[in-house]
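One letter stands for each residue in the lines below.
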Amino acid sequence: MNSTHEVFNQPEPLVDYNLFETNRPLRDALKFNAPQLQVAPLQELGVTVGSAEMQAHARLANTHAPELHTHDRFGRRIDEVEFHPSYHLLMTAAVGAGLHGTPWTSTSASPHVQRAAGFMLFTELESSVLCPISMTYAATPALRGNAGVYADWGSKLGSLWYDPALAPFNGKPGLTMGMGMTEKQGGSDVRANTTKAVREGSDAWGERYAITGHKWFFSAPMCDAFLVLAQAPAGLSCFFLPRVLPEWMGGEGTRNAIHIQRLKDKLGNKANASSEVEFHGASAWLVGEEGRGIPQILEMGTMTRLDCALGTSGLMRQALSLAINHTVQRSAFGKPLVEQPLMKNVLADLALESEASTALAIRLARAFDHQDDAHERLMSRLLTPVAKFWICKRGSHFAQEAMECLGGNGYVEEGGEGTMARIYREMPLNSIWEGAGNIMALDLLRGLRKGDAVAALAKELAPARGEHAALDRLADALPARIEAMASETEARRLAQDVALAVQAALLAQTAPPAVVGAFCESRLGGDWGNAFGTLGAGTDFDSIIERASPC
């Protein structure tokens, strides 16, 4: 066949590079929040998740979606989800990097910060497999409310071995956990749950109940066990519900009465098997006190909400990297796109947003490492809903603008090769999962009642005083804003103001003057429009883009 044209001016893919080494904002955030952190494991992970081989596995795990098998060919109920082999390879890598329960058994000084950085790096590769990873991280400390279960499961939830088999816990080298909280009629209002728990007796794992009801969102149903909420005689309570029952309950390999009704057909998050389930008298063990399910779920939610902020920050970073990689190689109107003034404005604006999100997310992880400090405890309580609300709320707008930098190529899926399209579909999830925007705003109001929030925020902002006039003005006004806006009507605006103030203060301590000045003048000083790419003409675009470049 005769050739009709030559293919040129099409960028080479962004592959085989070190995601950690090229991420200067992340490295600077780690130096600030955990100066003694050993980064060699992150360097190694950065190479792994930046490789073409792993990117191929990410594509395959998303294009070959999980398949539900409710029965075997002989008609026996099995309730199993089959995954593409690439999913298991990605899970092996995530568990091997310690992104799940390892911080709870680590002896290092900053285990949560180290895990947070790794979680962000892995999100750049593929985020949907991190659902069971995140839930294992959040569920592990809650199990301390049941000494018998924790004695048998605790160490294996922090193991670096991933074993996908549906098998008894005592024969597996590593375990993962999921959660089941929401129901059809309630959603975030878990007090409306109707699933019932009836006490059956007690054994080595404490008080045992029979659970009957359903869960409307039950992610990662092939995990080894789940924490679920159900109504017990004393009220809503937390229960440990394994997929395979312990041997003393019916013999080896007996499966619990969890029936998977169907898998969710979602916008994104394709590699993760989100499901709907019913419990038909499933056996579960009480975790903590009967009637205390709400406090326990809030404590677990704090950790999964951290992961929402980390995950969105990682997706932002990857979207920005793809946009810069494209515009550096692609020419239009006689010169590379990255040299076009309007494109410079867009890329620099995205770079500011990405770095600020990274700074806030890693700062929040630092608070988890120092819960023995009163200020850090209060900051974790305040910044968790703030970071989850603001970073995740910015994610979808960010992804759309980054996609536009690639033009039509960014919108094309191409059998999973279109990474930007996958990021775009993934972005809304973290804003919805673990409490949407309104829930986070309400949670901030609850956090404000836990201590002297004004004094804590003043202490947080103090090191950045004098760095920029716009930041000083916001810091001065924040106490009055907290008092005036601490209502349900204005809670979203308050969350935004706190997020921007803390982000600006962090950047003032970790980022170059060009970044700090542009962020404060745009986000705090009003020299900004209503869309990305509207920074003032005096911005040092080249310096900001160069700092953000993965190339």
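All values derive from a computational prediction rather than experimental measurement.

A. Molecular detail of the layout of surface pockets. The calculated volume of the largest pocket comes to roughly 1300 Å³. Residue lining of the largest pocket: 48 residues in total, with Thr 182, Ile 432, Trp 433, Glu 434 and Gly 435 positioned closest to the centre. Mapped onto the lining of the largest pocket, the elements with two or more residues apiece are helix 5 (111–125), helix 6 (130–142), strand 3 (177–180), strand 5 (206–218), helix 8 (293–329), helix 12 (419–432) and helix 13 (437–448). When residues in the lining of the largest pocket are grouped by element, the largest group, 8 residues, is from helix 8. Across the lining of the largest pocket, the residue classes tally to 21 nonpolar, 16 polar and 11 charged. In terms of lining residues, the second largest pocket is bounded by 30 residues, among which Pro 13, Leu 14, Glu 417, Gly 418 and Thr 419 are the most central.

B. Empty space enclosed by the protein, seen in detail. Tallied over the entire structure, the rule returns 5 cavities of 30 Å³ or more. Considered as a void within the structure, the largest cavity measures approximately 70 Å³ in volume. Lining of the largest cavity is provided by Thr 123, Glu 124, Leu 125, Glu 126, Ser 127, Leu 315, Thr 419, Arg 422, Ile 423 and Glu 426. Looking at the lining of the largest cavity, the elements with two or more residues in it are helix 5 and helix 12.

C. Highlighting the pairing of strand 4 (residues 196–203). With 7 bridges connecting them, strand 4 and strand 5 associate as antiparallel partners. Directly across from Ala 197, in strand 5, lies its bridge partner Ile 211. Two successive antiparallel strands, strand 4 and strand 5, enclose a turn made up of 2 residues.

D. Focus on the pattern of salt bridges. For the coordinates displayed, the defined rule picks out 30 salt bridges. A salt bridge links Asp 443 to Arg 446, with the nearest nitrogen and oxygen atoms 3.2 Å apart. Residue Asp 443 and its partner Arg 446 are located together in helix 13, separated by 3 residues, close to a single helical turn. Under the relative-accessibility criterion, Asp 443 is labelled buried at 5%. Judged by relative accessible area, which is 31%, Arg 446 ranks as partly exposed. A cluster of three or more residues bridged by salt bridges with shared partners is formed by Arg 305, Arg 381, Asp 443 and Arg 446.

Reading guide: rules and limits
- Residues numbered from 1 in each chain as written.
- Predicted model: local features only at pLDDT ≥ 70, side-chain atom pairs only at ≥ 80, totals over all residues.
- Heavy atoms only, no water.
- 1 Å grid on protein atoms, 1.4 Å probe; cavity = no way out; pocket = protein on both sides within 12 Å on 5 of 7 lines; lining within 4 Å.
- Points joined across faces, edges and corners; volume = space filled by probe spheres on them.
- Helix = DSSP H or I, 4+ residues; strand = E, 2+ residues; numbered from the N terminus.
- Nonpolar A, V, L, I, M, F, W, Y, C, P; charged D, E, K, R; others polar.
- Pairing = 2+ DSSP bridges.
- Salt bridge = Lys/Arg side-chain N within 4 Å of Asp/Glu carboxyl O.
- Buried < 20%, exposed > 50% of the residue type's maximum accessible area, 1.4 Å probe, protein only.

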